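# Coordinates in review
So the chains spell out like this:
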Amino acid sequence: MDGRRRKVPEEQIVYANILYYGGIVGIIFMAITFAIYVSGNLPAYVAPSELPELWIHDTHEYLEKTGIPTGWGWIGLVTYGDILNLVALAFLGVITIVCYIAVIPILVRKRDFIYVIFAVAEVVILLLAASGLLQAGH
Amino acid sequence: MLEATAWWVWPIILFVFTFFLGILAVMAGVGGGVLFVPLVSGFFPFHLDYVRGAGLFVALTGALAAGPGLLKRGLANLRLTMPLALIASTCSIAGALVGLALPTSITQTLLGVTILFISFVMITSKRVEFPKVEKGDRISQTLGIYGIYYEESMDREIEWKVHRTLPSMILFAFIGLIAGMFGLGAGWANVPVLNLMMGTPLKIAAGTSKFLLSITDTSAAWVYLNNGSVIPLITIPSCLGIMLGSYVGVRVLAKASPKMIRTIVIAVLIFAGLRSLLKGLGVWV
């Protein structure tokens, strides 16, 4: 386009494009799954009518009363409307990981090895967070 | 009384509430998370765990929506972001784990103290549009952190470089910890550090801060999600409401007085911070 555009490095443009399309898909996915959930088109694992009595308690008690599994255990319950919403939210968490993976080959090609290390380390950190291995509790 | 309200009323109330919060946040130049967490935890019946989980997704969706435009226009800088994000996102995981492990009363009290501190930072911190950085420090030179962006208001290109990189990295570790612990977006802290400490121009600081949230909050959001602290009926209407509100807020921004809006937001933050503090101490439950 003009000089301004050329000053933005290639990896930044690639990152921005994935973030753009990922963000749009993620937000639409989130809105659709929420509409499915609240319309009652899919059964809910925890009935919405029970939630006002549950969300006043901390996570530990909530999990104990509902039996919702932690970590990635919920992935086996995606046929339930409320759990399907978690898939949409998890998708938002995947976008940044994909962006980082996509810029690694560009950084390698530029022989920008310090930033390759930063990118790989960030992917590892995000995958660790996403793995469900890190559990906390009251 | 509120607990007896029909379930479907809550997503509607949250959507409307966060819609107006989104407008207010944009006009005051703050992220939605910093207003969302203290206000919703203080005045809604939800446990703090789910409010923090929702707060992270609120900040994350806002950052995902704004990030691409900021990156393409060069107002967010990937080279500046990557080392800082690595530190902040690692520490935000630690913050999330600590926040979820602490007793609620302690977390609520600390949230109140943090929000009051943020109000203080907002009142006292000055912002410098074009900070003077004579020479980039050794770390920033090694990492090649510098840039050029087009400043529309002046119709010219602005070159920038950064200094005090190491102390700023230490501060970003602390910022990440706070963001994960309380589910707050961290724009209130990112911008002063990037602008006043490192010396990036204000627009680059604001743009990079917003983009940085998409990484910092992702790691903490995963911890909350995998620990079962995310309830979609609370989280999704809040994300959608604040996004729509931010969209409208950008359009009404030109007609509003930014100084007055900022004063209102600071007053709301002080009130929400006091409420959180007193709730945590058991004085005003």
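Please refer to the structure higher up on the page.
Residues numbered from 1 in each chain as written. Chains lettered and ligands numbered in written order. Predicted model: local features only at pLDDT ≥ 70, side-chain atom pairs only at ≥ 80, totals over all residues. Heavy atoms only, no water.

Looking now at the overall build of chain B. Counting secondary structure elements, chain B contains 11 helices and two strands. Along chain B, helices and strands appear, N-terminal first, in the series α-α-α-α-α-α-β-β-α-α-α-α-α. For 285 residues, the compact-globule formula gives about 19 Å, and the C-alpha radius of gyration of chain B, at 18 Å, lands near that figure. With respect to the principal axes defined by its C-alpha atoms, chain B has extents near 60 × 40 × 30 Å. Here chain B holds 285 residues, and 61% of them are scored as buried. (Helix = DSSP H or I, 4+ residues; strand = E, 2+ residues; numbered from the N terminus. Rg over C-alpha atoms; globule rule 2.2 N^0.38 Å. Buried < 20%, exposed > 50% of the residue type's maximum accessible area, 1.4 Å probe, protein only.)

Another aspect to go through is the nonpolar core. Generally speaking, nonpolar side chains in soluble globular proteins are found buried as a group. By size, the foremost hydrophobic cluster in this structure holds 129 residues, and its most contacted members are Tyr15(A), Leu51(A), Trp55(A), Leu35(B), Phe46(B), Leu80(B) and Val265(B). The element contributing the most residues to this core is helix H5 (residues 81–109) of chain A, with 13 residues. Among all residues touching Tyr15(A), those that are not within four sequence positions of it are Thr96(A), Cys99(A), Tyr100(A), Val103(A), Leu71(B), Leu78(B), Phe211(B) and Ile215(B). (Core = buried A, V, L, I, M, F, W, Y, C linked by side-chain atoms within 4.5 Å. Contact = heavy atoms within 4.5 Å.)

Residues and elements named next belong to chain A. Mapping Val87 onto the fold places it in helix H5. Assessed through its relative accessible area of 22%, Val87 is described here as partly exposed. Separated by 57 residues in sequence, Val87 and Met30 have C-alpha atoms that sit 8.6 Å apart. Once residues lying within four places of it in the same chain are set aside, the contact partners of Val87 are Phe29, Trp74 and Val78.

Time to look at the packing of aromatic side chains. For the structure on display, the rule yields 21 aromatic pairs over all chains. Between Trp55(A) and Phe46(B), the aromatic rings sit 4.7 Å apart at their centres with planes inclined by 85°, giving edge-to-face as the arrangement. Of the two residues, Trp55(A) is situated in the loop between helix H3 (51–54) and helix H4 (59–66) and Phe46(B) in the loop between helix H2 (33–43) and helix H3 (48–72); the pairing between them involves two chains. Of the two residues, Trp55(A) and Phe46(B), both sit in the buried class. Judged by centre distance (6.3 Å) and plane angle (75°), the rings of Phe43(B) and Trp284(B) are edge-to-face. Here Phe43(B) is found in helix H2, whereas its partner Trp284(B) is found in the segment after helix H11 (258–280), with 241 residues between them in sequence. According to the relative accessible area criterion, Phe43(B) is partly exposed, its value standing at 34%. Joined through ring pairs, the aromatic side chains of Trp55(A), Trp10(B), Phe17(B), Phe44(B) and Phe46(B) make up one cluster. (Phe/Tyr/Trp six-rings, centres within 6.5 Å; stacked < 30°, edge-to-face > 60°.)

We now examine the interface of chain B and chain A. Opposite the 65 residues of chain B that make contact, chain A presents 64 residues. In total, chain B and chain A occlude about 5,800 Å² of area from one another, counting both sides; carbon and sulfur atoms represent 72% of this. Of all residues in chain B, Lys72(B), Trp222(B) and Asn226(B) give up the largest surface area on contact with chain A, accounting jointly for 13% of the area buried on that side. Here chain B and chain A share one salt bridge between them. Counting the contacts that link chain B with chain A gives 21 residue pairs in polar contact (both at pLDDT 80 or more). (Buried area = accessible area lost by both parts, 1.4 Å probe. Salt bridge = Lys/Arg side-chain N within 4 Å of Asp/Glu carboxyl O. Polar contact = N/O pair within 3.5 Å; in protein donor to acceptor, adjacent residues only side chain to side chain.)

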